[in-house]
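Listed below are the residues making up each chain.
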Amino acid sequence: MRAFIAIELPVEIKNSLSRIQEKLKIEPLKINWVKPQNLHLTLKFLGDIPPKQLNEIKQIISGITRITSGFEIKLNTPGVFPDMAAARIIWIGTDQLPLELKQLAEQLEIKLAVSGIPRQEKTFSAHITIGRIKSLLLLSDLEKVIDKIKTAAAGLNWGFDCKKVTLFESTLGPGGPAYTVLDQFNLKIA
Ligand code: 2AM
């Protein structure tokens, strides 16, 4: 089964992001916009795991979340991966990475690696993917998209309290992935 660990977003934030996506859809650009119900902040992509490993993974997540305090995250900046010249992913993230979030992602990497889950080579970057670019955009078009996100986001309050971590199964289908909650883990009350 394909699985990943993520932070779910409050419905108000999903709605705000969805409104921004709607504004950008009028552009004739080849971008797959992530469905509002699928918007999330990935902590760790597990890839294909044998279902019999699930309990072990849940215990690792539980061990980490139990000793990590909940935190507030402020989403305040759009960006792209890997860079403006070859952008494939459009995201919203933060330039104020909470220490607890950084530790959560690091601990998951370290402890899951012991159980044979491959480590992510890149350092953790807290982001919510909102769109996937299907074919390279002109730099000027991409700059327009990013500017529009900044304008649309100005004045919005995108802070939220993160109190739990979710383990998702991802099922790939012709209409895109469908995510199912496998389990949820409360963070320590701060
Ligand atoms: P991202 O969009 O936040 O970057 C569920 O599939 C999530 O896992 C995706 O939203 C993506 O996170 C992440 N993901 C999917 N495939 C991945 C891969 N091969 N390597 C790392 N992360 C991946």
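See above for the structure.
Here the structure is a predicted model, which is why all the values come from computation and not from measurement.

1. Observations concerning the site of the ligand
In step 1: Lining the immediate environment of the ligand, one finds Arg 2, Phe 4, His 40, Thr 42, Phe 45, Gln 120, His 127, Thr 129, Arg 132 and Tyr 179.
In step 2: Within the contact set of the ligand, an oxygen atom lies 3.0 Å away from a side-chain nitrogen or oxygen of His 40.
In step 3: Take His 127: an N or O atom from its side chain is 2.9 Å from an oxygen atom of the ligand.
In step 4: Contact with the protein chains hides 70% of the accessible area of the ligand, taken as 470 Å² for the molecule alone.
In step 5: Within the residue set of the shell around the ligand, elements represented by two or more residues are β1 (2-8), β3 (40-48) and β7 (127-133).
In step 6: Each residue belonging to the shell around the ligand can be placed in one class, and the counts come to three nonpolar, five polar and two charged.

2. Observations regarding the side chain of Ser 115
In step 1: Following the sequence through the fold, Ser 115 ends up in the loop between α3 (99-114) and β7.
In step 2: Look at Ser 115 and you get buried, because its relative accessible area is 18%.

3. Topic: the packing of aromatic side chains
In step 1: Per the stated rule, a full pass over the model turns up four aromatic pairs.
In step 2: Between the aromatic rings of Phe 4 and Phe 168, the centroid separation amounts to 5.1 Å while the plane-to-plane angle is 20°, which identifies the pairing as stacked. Highlighted residues: Phe 4 in strand β1 and Phe 168 in strand β9 (residues 164-171), separated in sequence by 164 residues. Phe 168 matches Phe 4 in its accessibility class, with the two residues each being buried.
In step 3: What links up through ring pairs into an aromatic cluster is the set Phe 4, Phe 168 and Tyr 179.

4. Section: the nonpolar core
In step 1: Ile 5, Leu 17, Leu 46, Ile 90 and Ile 130 are the most contacted members of the largest nonpolar core, which totals 51 residues.
In step 2: Filtering out sequence-adjacent residues up to four positions away, Leu 17 remains in contact with Leu 9, Leu 39, Ile 92, Ile 128, Ile 130 and Trp 158.

5. Some words on the sheet that holds strand β2 (residues 31-33)
In step 1: Taken together, the four strands give an open sheet; going across it, the order is β2-β7-β6-β5, and neighbouring strands pair in antiparallel fashion. Where the open sheet ends on each side, the last strands, each with one partner, are β2 and β5 (77-81). The mean inter-strand angle of the sheet, taken between neighbouring strand axes irrespective of direction, is 30°.
In step 2: Bridging between β2 and β7 involves three bridges; their strand directions are antiparallel. Bridging from a neighbouring strand, Trp 33 pairs with Gly 131 of β7.
In step 3: Lying on the sheet, helix α4 (residues 139-153) is in contact with β2, β5, β6 (89-93) and β7; it crosses β5 at an angle near 155°.

6. Let's talk about the packing of helix α2 (residues 54-65) against α3
In step 1: Two numbers describe how α2 lies on α3: the axes approach to 10 Å, and their chain directions differ by 145°. The hand of the α2/α3 crossing is right-handed. Here α2 contributes Ile 57, Ile 60, Ile 61, Ile 64 and Thr 65 to the contact with α3, which in turn contributes Leu 104, Gln 107, Leu 108, Lys 111 and Leu 112.
In step 2: Partitioned by chemical class, the residues of the contact of α2 with α3 number seven nonpolar, two polar and one charged.

7. As for the pairing of strand β4 (residues 71-74)
In step 1: Residue alternation in β4 divides its side chains into a buried set, Phe 71 and Ile 73, and an unburied set, Glu 72 and Lys 74.
In step 2: Two strands pair when backbone bridges link them, and β4 and strand β8 (residues 159-162) are joined in this way by four bridges, in the antiparallel orientation. Looking at the pairing, Ile 73 lines up with Phe 160 of β8.

8. Thoughts on the side chain of Lys 14
In step 1: Assignment of secondary structure puts Lys 14 in helix α1 (residues 11-25).
In step 2: The charged side chain of Lys 14 is buried without a salt bridge, its nearest counter-charge being Glu 8 at 5.3 Å.
In step 3: Those residues in contact with Lys 14 that lie beyond four places of it in its chain are Leu 9, Pro 36, Gln 37 and Leu 39.

The rules we used
Residues numbered from 1 in each chain as written. Predicted model: local features only at pLDDT ≥ 70, side-chain atom pairs only at ≥ 80, totals over all residues. Heavy atoms only, no water. Near = heavy atom within 4 Å. Polar contact = N/O pair within 3.5 Å; in protein donor to acceptor, adjacent residues only side chain to side chain. Areas by Shrake-Rupley, 256 points an atom, 1.4 Å probe, with all protein chains shown as cover. Helix = DSSP H or I, 4+ residues; strand = E, 2+ residues; numbered from the N terminus. Nonpolar A, V, L, I, M, F, W, Y, C, P; charged D, E, K, R; others polar. Buried < 20%, exposed > 50% of the residue type's maximum accessible area, 1.4 Å probe, protein only. Phe/Tyr/Trp six-rings, centres within 6.5 Å; stacked < 30°, edge-to-face > 60°. Core = buried A, V, L, I, M, F, W, Y, C linked by side-chain atoms within 4.5 Å. Contact = heavy atoms within 4.5 Å. Pairing = 2+ DSSP bridges. Axes fitted to C-alpha atoms, helices over the stretch in contact; angles between N-to-C directions. Left-handed = near helix turned anticlockwise from the far one by under 90°. Lys, Arg positive; Asp, Glu negative; His and termini not counted. Salt bridge = Lys/Arg side-chain N within 4 Å of Asp/Glu carboxyl O.

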